Amino acid sequence: MTAFVALLRAVNVGGTGKLPMTELKTMCEELGFGAVRTYIASGNVVFTSRKSESAIKAALEKRLHTYAGVPLGVLVRSDSEMAKVLADNPFAKMAPNRTVAIFLDKAPPADTLAEIRGQKGEEVKLGRREIYVHYRDGMGTSKLVIPAAKTGTARNMNTIASLAKMALEL
């Protein structure tokens, strides 16, 4: 069994149309995933499975589409991949709450950095299947637009560290 982390994209986890984490946990258990645990109310779930990453992604996206009535994206990483995202953070000396990894299904396109708009004090580096961003002045006032990140989902380094730890403990 491999431990995986699934990161839901564009899911409203609070307010109208929300997806309660208890419901997400139940969905994962119904799909046959083991040792299911959610982390904070922002669409993060850790579990074990014998299925491949692509099979997990397809099953979760199908189940979430049925639940929500609209397609919802899911990004999946194994426990070792999540640990590597954390270890490869090029901004490790920066504030972890101001540094994110934007998770993608595949490697960022070669023109990712050239396509960025609205960049002020933010620093951007490309990872294997991630785009790392350090928001020097915080995300709240940033006008940064990264077109390659459109289908991705971001998590800050504090969340990534917690999810990596949870996955490695399964």
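Our structure is the block above this text.
If you're wondering where the values come from, they're calculated on a predicted model, not measured in any experiment. (Residues numbered from 1 in each chain as written. Predicted model: local features only at pLDDT ≥ 70, side-chain atom pairs only at ≥ 80, totals over all residues. Heavy atoms only, no water.)

Asks: Which residues make up the environment of Lys 165, and what values do they have?
Replies: Relative to the helices and strands, Lys 165 is located in helix α4 (residues 157–169). It is 9.0 Å that separates the C-alpha atoms of Lys 165 and Met 82, two residues lying 83 residues apart in sequence. Polar contacts involving the side chain of Lys 165 include one to the side chain of Glu 169, which spans 2.8 Å. (Helix = DSSP H or I, 4+ residues; strand = E, 2+ residues; numbered from the N terminus. Polar contact = N/O pair within 3.5 Å; in protein donor to acceptor, adjacent residues only side chain to side chain.)

Asks: Explain helix α2 (residues 53–68) to me, using residue names and the numbers behind them.
Replies: In a regular helix each residue adds 1.5 Å, so 16 residues correspond to 22 Å; α2 covers 22 Å between its end C-alpha atoms and thus fits that length. Every buried residue of α2 is accounted for by Ile 56, Lys 57, Ala 59, Leu 60 and Leu 64. Residues of α2 that are buried make contact with β1 (2–9), α1 (21–30), β3 (44–49) and β4 (73–78). The first or second residue beyond α2 is Gly 69, which carries a positive phi of 80°. (Expected span 1.5 Å × (residues − 1). Buried < 20%, exposed > 50% of the residue type's maximum accessible area, 1.4 Å probe, protein only. Contact = heavy atoms within 4.5 Å.)

Asks: Got a sec to walk through the packing of aromatic side chains? Specific residues and values, please.
Replies: Overall, the coordinates contain two aromatic pairs when judged by the stated rule. Plain terms: the ring middles of Phe 33 and Phe 47 are 4.3 Å apart, the flat faces sit at 10° to each other, and that makes the pair stacked. Residue Phe 33 is found in the loop between α1 and β2 (34–39), and its partner Phe 47 is found in strand β3; the two are separated by 14 residues along the sequence. What makes Phe 33 buried here is its relative accessible area of 5%. Ring-pair connections join several aromatic residues into one group, and the members of that group are Phe 4, Phe 33 and Phe 47. (Phe/Tyr/Trp six-rings, centres within 6.5 Å; stacked < 30°, edge-to-face > 60°.)

Asks: Requested: an account of the pattern of salt bridges, with residues and values cited.
Replies: For the coordinates displayed, the defined rule picks out eleven salt bridges. Ionic pairing is found between Lys 57 and Asp 105, a salt bridge with its closest N-O pair at 3.2 Å. Residue Lys 57 is found in helix α2, and its partner Asp 105 is found in the loop between β5 (99–103) and β6 (123–126); the two are separated by 48 residues along the sequence. The class of Asp 105 is partly exposed, set by a relative accessible area of 40%. Its salt-bridge partner being Glu 81, residue Arg 128 comes within 2.8 Å of it at the nearest N-O pair. Here Arg 128, found in the loop between β6 and β7 (130–134), pairs with Glu 81, found in helix α3 (residues 79–87); they are 47 residues apart in sequence, far enough to count as distant. (Salt bridge = Lys/Arg side-chain N within 4 Å of Asp/Glu carboxyl O.)

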